[in-house]
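Residues per chain are reported as follows:
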Amino acid sequence: MRDLWTQLGCLFNDVDDHDNGTLSDIFIEDLSGSEVGEIYGWLRSHSEIYSEKGPPTLWHRERQCDVPITELDAPAQLVVNGVAESFRHGLVNLAFAGTHIPDLTVAVYPDEIQLDYQMGLYWGPSQLSALFEFLWAIQ
């Protein structure tokens, strides 16, 4: 765990003791439609969704309006099937391997999932290790 932190900690913990506002991306690419749906469902099962502007929504092409993601059974599958536009929202209260992982943002595309994290003092060796265990479990 300490070796991981020694090698990658500078990408997560802001050495100036403040959040510099950047969001770094983690890409899970070249996914099949079913993999997009499964991974998104798994992410949701380990966290809660969050948006600063109220309930997160997606643009539903058939309805021609924004629909709250929480009202949909399989929002990622709608993206994969071309029924909805790609969407993004926060993941909060995420814990894995007995460790709280700082908040992430997830973006869903037809063949990819992106996760963003924000640098800050809330990242440490155990949080980084839990994030990598979490990512490993996705496979």
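Residues numbered from 1 in each chain as written. Predicted model: local features only at pLDDT ≥ 70, side-chain atom pairs only at ≥ 80, totals over all residues. Heavy atoms only, no water.

All right, on to the pattern of salt bridges then. Evaluation of the coordinates by the stated rule reveals 2 salt bridges. Where Arg-88 meets Asp-116, a salt bridge forms, and the shortest distance between an N and an O atom there is 2.5 Å. One end of the pair, Arg-88, is in strand S5 (residues 87-92); the other, Asp-116, is in strand S9 (residues 112-118), with 28 residues separating them in the sequence. Relative accessible area serves as the criterion here: at 39%, Arg-88 is assigned to the partly exposed category. (Salt bridge = Lys/Arg side-chain N within 4 Å of Asp/Glu carboxyl O. Helix = DSSP H or I, 4+ residues; strand = E, 2+ residues; numbered from the N terminus. Buried < 20%, exposed > 50% of the residue type's maximum accessible area, 1.4 Å probe, protein only.)

Let us look at the confidence of the model for the protein chain. With 91% of its residues at a pLDDT of 70 or more, the protein chain has an overall mean of 90. Put simply, helix H1 (residues 2-8) is where the protein chain has its lowest mean pLDDT, 83, and helix H3 (residues 75-80) is where it has its highest, 97. (pLDDT = per-residue confidence, 0-100.)

A few words now on helix H2 (residues 33-45). The first and last C-alpha atoms of H2 sit 19 Å apart over 13 residues, in line with the 18 Å expected at 1.5 Å per residue. Three or more residues of H2 are buried, namely Gly-33, Val-36, Ile-39, Tyr-40 and Leu-43. An end-on view of H2 places all buried positions within 135 degrees of arc, on one side of the element. Residues of H2 that are exposed and point more than 90 degrees away from the buried face comprise Glu-38 and Ser-45. (Expected span 1.5 Å × (residues − 1). Arc of directions from axis to C-beta.)

What follows concerns the environment of Glu-38. Looking at the element boundaries, Glu-38 is found in helix H2. Placed 39 residues apart in sequence, Glu-38 and Gln-77 show a C-alpha to C-alpha distance of 9.1 Å.

Quick look at unusual backbone geometry now. Peptide bonds are mostly trans, and most non-glycine residues show a negative phi. Its identity is not glycine, yet Asn-93 carries a phi of approximately 55 degrees, on the positive side. For Asn-93, the position within the fold is in the loop between S5 and strand S6 (94-96). Given a relative accessible area of 46%, Asn-93 falls into the partly exposed group.

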